[in-house]
Amino acid sequence: MFLCPSLPPTRRGRRALFLWMLKYVAAACATAGVGMVGYSTLLGSAEQKPFPTIKSAHSLVAKHVTKDRYDQLSGIKTKTSGFTLDQAIACAVQFDNQHV
């Protein structure tokens, strides 16, 4: 059973929430037994997505979501709501004025 690494930050700002989401996905990988590096064997190579163009160049997404990290986490969904990394970074990919 997967346990959340900690409660999400409520008043610590957007950066803390974004980093908490990355830790949440990493913990989900570890619980599934695939680790951060080897999860692609679980998904198969056919489901790999291309790295998105991040329009908000000065955002936290552009700073923390690198190609390697995106490749590691792009195919993982949470069990409860099916939330993905693509959904978490959608605003920074779509708009050029986001800071998260």
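Coordinates for the structure precede this section.
In short, a report on the structure. Please read these numbers as outputs of a predicted model, since none were measured by experiment. Residue positions are counted from 1 within each chain, in the order its sequence is given. Only residues with pLDDT of 70 or above have their local features reported here, since the model is predicted, and side-chain atom pairs are shown and tallied only from 80 upward, although totals for entire chains, interfaces and linings are computed over all residues. The side-chain figures draw on all heavy atoms in the structure; neither hydrogens nor water molecules are used.

1. Examining the overall build of the protein
In plain terms, the rule: In this text, helices come from DSSP runs of H or I with a minimum length of four residues, and strands from runs of E with a minimum of two, each type numbered from the N-terminal end. The rule is simple: take the accessible area with a 1.4 Å probe, protein chains only, and divide by the maximum for that residue type; under 20% is buried, over 50% is exposed, in between is partly exposed. It only takes one pair of heavy atoms within 4.5 Å for two residues to be counted as in contact. Here the open area of atoms and residues is found with the Shrake-Rupley method and a 1.4 Å probe, where only the protein chains shown may cover a residue.
In terms of regular secondary structure, the protein is built from six helices and zero strands. Along the protein, helices and strands appear, N-terminal first, in the series α-α-α-α-α-α. Relative to its 100 residues, the protein shows a buried fraction of 28%. Across the protein, contacts joining residues at least 24 apart in sequence account for 58% of those joining residues at least 6 apart. Surface exposure of the protein reaches about 6,800 Å², of which carbon and sulfur atoms provide 58%.

2. Re the side chain of Thr-78
Condition: What qualifies as a polar contact is a pair of N or O atoms within 3.5 Å, subject to a donor-acceptor requirement within protein and to the restriction that residues adjacent in sequence count only when both atoms come from side chains.
Within the secondary structure, Thr-78 is located in the loop between helix H4 (67–73) and helix H5 (85–88). Separated by 3.4 Å, the side chains of Thr-78 and Ser-81 make a polar contact. At 3.0 Å, the side chain of Thr-78 and the backbone nitrogen of Phe-83 are in polar contact. Beyond its immediate chain neighbours, meaning those up to four positions away, Thr-78 contacts Tyr-24 and Phe-83.

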